Amino acid sequence: MEKSDDHHKTSHGGAAAEKWEEVSTAIRTAETMLRLAPVGLCLAALVIMLKDSQNNEFGSVSYSNLSAFWYLVHANGICAGYSLLSAAIAAMPGSSSTTPRVWTFFCLDQILTYVVLAAGAVSTEVLYLAYKGDNAITWSDACSSFGSFCHRATASVIITFVVVCLYVLLSLISSYKLFTRFDPPAIVDSNKNVEVAVFGN
(Lines give C-alpha, C1' and ligand atoms only; values in the text may rest on other atoms or scores of the structure.)
Protein backbone atom coordinates (compact mmCIF):
# COMPACT_ATOMS: atom_id res chain seq x y z
CA MET A 1 0.00 0.00 0.00
CA GLU A 2 2.84 2.36 0.90
CA LYS A 3 4.64 1.50 -2.33
CA SER A 4 1.47 2.32 -4.27
CA ASP A 5 1.20 5.70 -2.54
CA ASP A 6 4.87 6.45 -3.23
CA HIS A 7 4.42 5.52 -6.86
CA HIS A 8 1.35 7.77 -7.10
CA LYS A 9 3.24 10.71 -5.57
CA THR A 10 6.18 10.17 -7.90
CA SER A 11 3.91 10.05 -10.94
CA HIS A 12 2.07 13.17 -9.79
CA GLY A 13 5.34 15.02 -9.16
CA GLY A 14 6.67 14.00 -12.57
CA ALA A 15 3.52 15.21 -14.32
CA ALA A 16 3.68 18.53 -12.46
CA ALA A 17 7.33 18.98 -13.39
CA GLU A 18 6.58 18.17 -17.02
CA LYS A 19 3.69 20.64 -17.07
CA TRP A 20 5.87 23.37 -15.53
CA GLU A 21 8.55 22.68 -18.13
CA GLU A 22 5.97 23.20 -20.89
CA VAL A 23 4.80 26.46 -19.31
CA SER A 24 8.40 27.62 -18.88
CA THR A 25 9.12 26.86 -22.53
CA ALA A 26 6.04 28.83 -23.64
CA ILE A 27 7.07 31.81 -21.49
CA ARG A 28 10.62 31.68 -22.85
CA THR A 29 9.33 31.55 -26.43
CA ALA A 30 7.00 34.52 -25.83
CA GLU A 31 9.78 36.55 -24.21
CA THR A 32 12.16 35.73 -27.06
CA MET A 33 9.64 36.88 -29.67
CA LEU A 34 8.94 40.04 -27.68
CA ARG A 35 12.67 40.76 -27.56
CA LEU A 36 13.04 40.13 -31.30
CA ALA A 37 10.18 42.44 -32.28
CA PRO A 38 12.04 45.70 -31.49
CA VAL A 39 14.95 44.69 -33.74
CA GLY A 40 13.03 45.25 -36.98
CA LEU A 41 11.23 48.31 -35.64
CA CYS A 42 14.43 49.96 -34.40
CA LEU A 43 16.16 49.29 -37.71
CA ALA A 44 13.16 50.68 -39.61
CA ALA A 45 13.15 53.88 -37.52
CA LEU A 46 16.92 54.16 -37.90
CA VAL A 47 16.94 53.70 -41.70
CA ILE A 48 14.03 56.11 -42.23
CA MET A 49 15.80 58.78 -40.23
CA LEU A 50 19.19 58.14 -41.87
CA LYS A 51 17.62 58.72 -45.29
CA ASP A 52 15.71 61.76 -44.12
CA SER A 53 16.98 64.78 -46.04
CA GLN A 54 15.44 67.26 -48.43
CA ASN A 55 16.73 69.86 -50.87
CA ASN A 56 14.51 72.50 -52.49
CA GLU A 57 14.44 76.19 -53.33
CA PHE A 58 14.26 77.02 -49.62
CA GLY A 59 17.52 75.24 -48.87
CA SER A 60 18.52 71.83 -47.57
CA VAL A 61 17.92 69.97 -44.33
CA SER A 62 19.06 66.61 -42.99
CA TYR A 63 18.59 64.63 -39.80
CA SER A 64 22.26 65.28 -38.97
CA ASN A 65 21.49 68.99 -38.66
CA LEU A 66 19.40 68.30 -35.57
CA SER A 67 20.98 66.75 -32.49
CA ALA A 68 17.66 65.24 -31.36
CA PHE A 69 17.36 63.22 -34.56
CA TRP A 70 21.04 62.26 -34.39
CA TYR A 71 20.39 60.92 -30.88
CA LEU A 72 17.31 59.05 -32.11
CA VAL A 73 19.39 57.24 -34.75
CA HIS A 74 22.00 56.14 -32.22
CA ALA A 75 19.41 55.15 -29.62
CA ASN A 76 17.62 52.93 -32.14
CA GLY A 77 20.91 51.38 -33.23
CA ILE A 78 21.84 50.50 -29.65
CA CYS A 79 18.32 49.21 -29.02
CA ALA A 80 18.42 46.95 -32.09
CA GLY A 81 21.76 45.45 -31.07
CA TYR A 82 20.71 44.85 -27.48
CA SER A 83 17.35 43.40 -28.53
CA LEU A 84 19.00 40.88 -30.84
CA LEU A 85 21.59 39.85 -28.23
CA SER A 86 19.06 39.57 -25.39
CA ALA A 87 16.69 37.53 -27.61
CA ALA A 88 19.50 35.08 -28.40
CA ILE A 89 20.27 34.68 -24.68
CA ALA A 90 16.61 34.40 -23.69
CA ALA A 91 16.07 31.65 -26.29
CA MET A 92 18.63 29.38 -24.62
CA PRO A 93 17.01 26.96 -22.13
CA GLY A 94 17.95 27.95 -18.60
CA SER A 95 20.42 30.60 -19.76
CA SER A 96 18.33 33.59 -18.66
CA SER A 97 17.04 32.07 -15.41
CA THR A 98 20.16 32.50 -13.30
CA THR A 99 20.05 35.31 -10.76
CA PRO A 100 22.95 37.36 -12.25
CA ARG A 101 21.38 37.27 -15.71
CA VAL A 102 17.93 38.10 -14.38
CA TRP A 103 19.46 41.12 -12.66
CA THR A 104 21.30 42.04 -15.87
CA PHE A 105 18.14 41.83 -17.99
CA PHE A 106 16.24 43.88 -15.40
CA CYS A 107 18.83 46.68 -15.32
CA LEU A 108 19.45 46.81 -19.08
CA ASP A 109 15.73 46.65 -19.94
CA GLN A 110 15.10 49.62 -17.66
CA ILE A 111 18.01 51.58 -19.14
CA LEU A 112 17.01 50.87 -22.75
CA THR A 113 13.42 51.84 -22.03
CA TYR A 114 14.45 55.27 -20.77
CA VAL A 115 17.07 55.77 -23.50
CA VAL A 116 14.55 55.11 -26.28
CA LEU A 117 11.82 57.07 -24.49
CA ALA A 118 14.14 60.07 -24.17
CA ALA A 119 15.03 59.84 -27.86
CA GLY A 120 11.36 59.80 -28.83
CA ALA A 121 10.48 62.63 -26.45
CA VAL A 122 13.16 65.09 -27.58
CA SER A 123 12.47 64.28 -31.23
CA THR A 124 8.77 64.90 -30.67
CA GLU A 125 9.56 68.30 -29.21
CA VAL A 126 11.66 69.19 -32.25
CA LEU A 127 8.90 68.03 -34.59
CA TYR A 128 6.34 70.09 -32.70
CA LEU A 129 8.44 73.20 -33.22
CA ALA A 130 8.98 72.26 -36.87
CA TYR A 131 5.23 71.95 -37.44
CA LYS A 132 3.98 74.77 -35.22
CA GLY A 133 6.92 77.14 -34.89
CA ASP A 134 7.30 79.41 -31.87
CA ASN A 135 5.84 82.89 -32.15
CA ALA A 136 7.40 83.97 -28.86
CA ILE A 137 10.88 83.82 -30.37
CA THR A 138 9.72 84.48 -33.95
CA TRP A 139 10.39 80.95 -35.20
CA SER A 140 8.23 80.11 -38.18
CA ASP A 141 7.21 76.55 -38.93
CA ALA A 142 9.63 74.61 -41.12
CA CYS A 143 7.39 71.78 -42.25
CA SER A 144 5.47 74.00 -44.66
CA SER A 145 8.74 74.33 -46.59
CA PHE A 146 10.20 70.87 -45.87
CA GLY A 147 7.10 68.69 -45.71
CA SER A 148 8.73 65.49 -46.95
CA PHE A 149 11.48 65.77 -44.33
CA CYS A 150 8.94 66.25 -41.53
CA HIS A 151 6.77 63.34 -42.68
CA ARG A 152 9.68 60.90 -42.66
CA ALA A 153 10.87 62.16 -39.30
CA THR A 154 7.35 61.76 -37.90
CA ALA A 155 7.21 58.15 -39.13
CA SER A 156 10.55 57.40 -37.46
CA VAL A 157 9.39 58.92 -34.16
CA ILE A 158 6.10 56.99 -34.21
CA ILE A 159 7.96 53.71 -34.76
CA THR A 160 10.29 54.65 -31.88
CA PHE A 161 7.33 55.05 -29.54
CA VAL A 162 6.05 51.62 -30.57
CA VAL A 163 9.46 50.30 -29.50
CA VAL A 164 9.03 52.12 -26.17
CA CYS A 165 5.73 50.28 -25.61
CA LEU A 166 7.42 46.93 -26.28
CA TYR A 167 10.22 47.78 -23.88
CA VAL A 168 7.73 48.75 -21.19
CA LEU A 169 6.32 45.22 -21.49
CA LEU A 170 9.82 43.73 -21.39
CA SER A 171 10.63 45.80 -18.31
CA LEU A 172 7.51 44.48 -16.58
CA ILE A 173 8.46 40.90 -17.46
CA SER A 174 12.05 41.27 -16.27
CA SER A 175 10.84 42.99 -13.07
CA TYR A 176 8.41 40.14 -12.40
CA LYS A 177 11.08 37.49 -13.04
CA LEU A 178 13.46 39.26 -10.68
CA PHE A 179 11.23 40.16 -7.76
CA THR A 180 9.36 36.86 -7.63
CA ARG A 181 12.67 35.32 -6.56
CA PHE A 182 12.49 37.11 -3.23
CA ASP A 183 10.19 36.58 -0.26
CA PRO A 184 8.07 39.54 0.86
CA PRO A 185 9.74 41.70 3.52
CA ALA A 186 8.95 40.81 7.11
CA ILE A 187 8.59 42.88 10.27
CA VAL A 188 9.24 41.76 13.81
CA ASP A 189 6.34 41.90 16.25
CA SER A 190 8.12 43.14 19.39
CA ASN A 191 5.28 41.95 21.65
CA LYS A 192 5.42 38.36 20.43
CA ASN A 193 9.00 38.40 19.14
CA VAL A 194 7.95 36.80 15.87
CA GLU A 195 8.36 37.80 12.24
CA VAL A 196 5.23 38.72 10.31
CA ALA A 197 5.13 39.09 6.53
CA VAL A 198 4.17 42.55 5.40
CA PHE A 199 1.98 41.24 2.56
CA GLY A 200 -0.85 38.86 3.30
CA ASN A 201 -1.23 36.55 6.23
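Residues numbered from 1 in each chain as written. Predicted model: local features only at pLDDT ≥ 70, side-chain atom pairs only at ≥ 80, totals over all residues. Heavy atoms only, no water.

Caption draft 1: Structural context of the overall build of the chain. For the chain, the helix and strand inventory stands at 4 helices and 4 strands. What you see in the chain, going N to C, is helices and strands ordered as α-β-β-α-α-α-β-β. For the chain, buried positions account for 31% of its 201 residues. In the chain, once contacts between residues fewer than 6 apart in sequence are set aside, the share between residues at least 24 apart is 73%. (Helix = DSSP H or I, 4+ residues; strand = E, 2+ residues; numbered from the N terminus. Buried < 20%, exposed > 50% of the residue type's maximum accessible area, 1.4 Å probe, protein only. Contact = heavy atoms within 4.5 Å.)

Caption draft 2: How the structure looks around the packing of aromatic side chains. According to the stated counting rule, one finds 3 aromatic pairs in the structure shown. Arranged with centres 6.3 Å apart and planes meeting at 35 degrees, the rings of Y82 and Y167 form a pair that is tilted. In this pair, Y82 is assigned in helix α2 (residues 67-91) and Y167 in helix α4 (residues 147-179), connecting sequence segments 85 residues apart. In this structure, Y82 and Y167 share a single accessibility class: buried. Between W103 and F106, the ring centres sit 6.0 Å apart and the planes meet at 85 degrees, which makes this aromatic pair edge-to-face. Remark: F106 and W103 occur in helix α3 (residues 99-132); sequence separation between them is 3 residues, near one turn of the helix. (Phe/Tyr/Trp six-rings, centres within 6.5 Å; stacked < 30°, edge-to-face > 60°.)

Caption draft 3: View of the side chain of S175. Relative to the helices and strands, S175 resides in helix α4. Of the residues examined, S175 reaches a relative accessible area of 17% and is grouped as buried.

Caption draft 4: Spatial organisation of the UniProt feature "transmembrane region" (unreviewed entry) in the chain. Per the UniProt annotation, the sites labelled "transmembrane region" (unreviewed entry) are residues 33-50, 70-91, 111-131 and 151-173. Across residues 111-131 one finds 100% helix and 0% strand; the C-alpha atoms that close the span lie 30 Å apart. (UniProt positions renumbered as here; feature names shortened; annotations may be inferred.)

Caption draft 5: Region of the structure containing the pairing of strand β1 (residues 53-56). Of the pairings in the sheet, the one linking β1 to strand β2 (residues 59-62) comprises 4 bridges and is antiparallel in character. The residue bridging Q54 from the neighbouring strand is V61, located in β2. Between the antiparallel neighbours β1 and β2 lie 2 residues. (Pairing = 2+ DSSP bridges.)

Caption draft 6: A look at the nonpolar core. Grouped together as the largest cluster of nonpolar side chains are 17 residues, with contacts concentrated most on M49, F69 and F149. Those elements giving two or more residues to this core turn out to be α1 (2-50), α2, α3 and α4. Discounting residues that sit within four places of it in the chain, F149 has contacts with D52, S53, Q54, V61, S62, Y63, L66 and F69. (Core = buried A, V, L, I, M, F, W, Y, C linked by side-chain atoms within 4.5 Å.)

Caption draft 7: Examining α3 more closely. The terminal C-alpha atoms of α3, which comprises 34 residues, lie 49 Å apart, in line with the 50 Å expected from a rise of 1.5 Å per residue. Inspection of α3 places V102, F105, F106, D109, L112, T113, V116, A119, G120, S123, L127 and A130 among the buried residues, and these make up the whole buried set. Trailing α3 by a residue or two, G133 shows a phi angle of about 75 degrees, which is positive. (Expected span 1.5 Å × (residues − 1).)

Caption draft 8: Quick look at a nonpolar patch on the surface. A contiguous nonpolar surface patch, about 280 Å² in accessible area, is contributed by M33, L36 and L84. In this fold, L84 is placed in helix α2. Note on L84: relative accessible area 48%, which makes it partly exposed. (Patch = residues over 30% accessible without salt bridge, like charges linked within 9 Å, V, L, I, M, F, W, Y side chains within 5 Å. Areas by Shrake-Rupley, 256 points an atom, 1.4 Å probe, with all protein chains shown as cover. Salt bridge = Lys/Arg side-chain N within 4 Å of Asp/Glu carboxyl O.)

Caption draft 9: Spatial organisation of the packing of α2 against α4. In contact at an axis separation of 11 Å, α2 and α4 are set at 40 degrees when each is read in the N-to-C sense. Classified by the interaxial angle, the pair formed by α2 and α4 is oblique. In this structure, the crossing between α2 and α4 has a hand that is left-handed. Contacts from F69, L72, N76, C79, Y82 and S83 of α2 reach α4 at F149, A153, S156, V157, T160, V163 and Y167. Residues of the contact of α2 with α4, tallied by class, amount to 9 nonpolar, 4 polar and no charged. (Axes fitted to C-alpha atoms, helices over the stretch in contact; angles between N-to-C directions. Parallel < 35°, antiparallel > 145°, perpendicular 65-115°, else oblique. Left-handed = near helix turned anticlockwise from the far one by under 90°. Nonpolar A, V, L, I, M, F, W, Y, C, P; charged D, E, K, R; others polar.)

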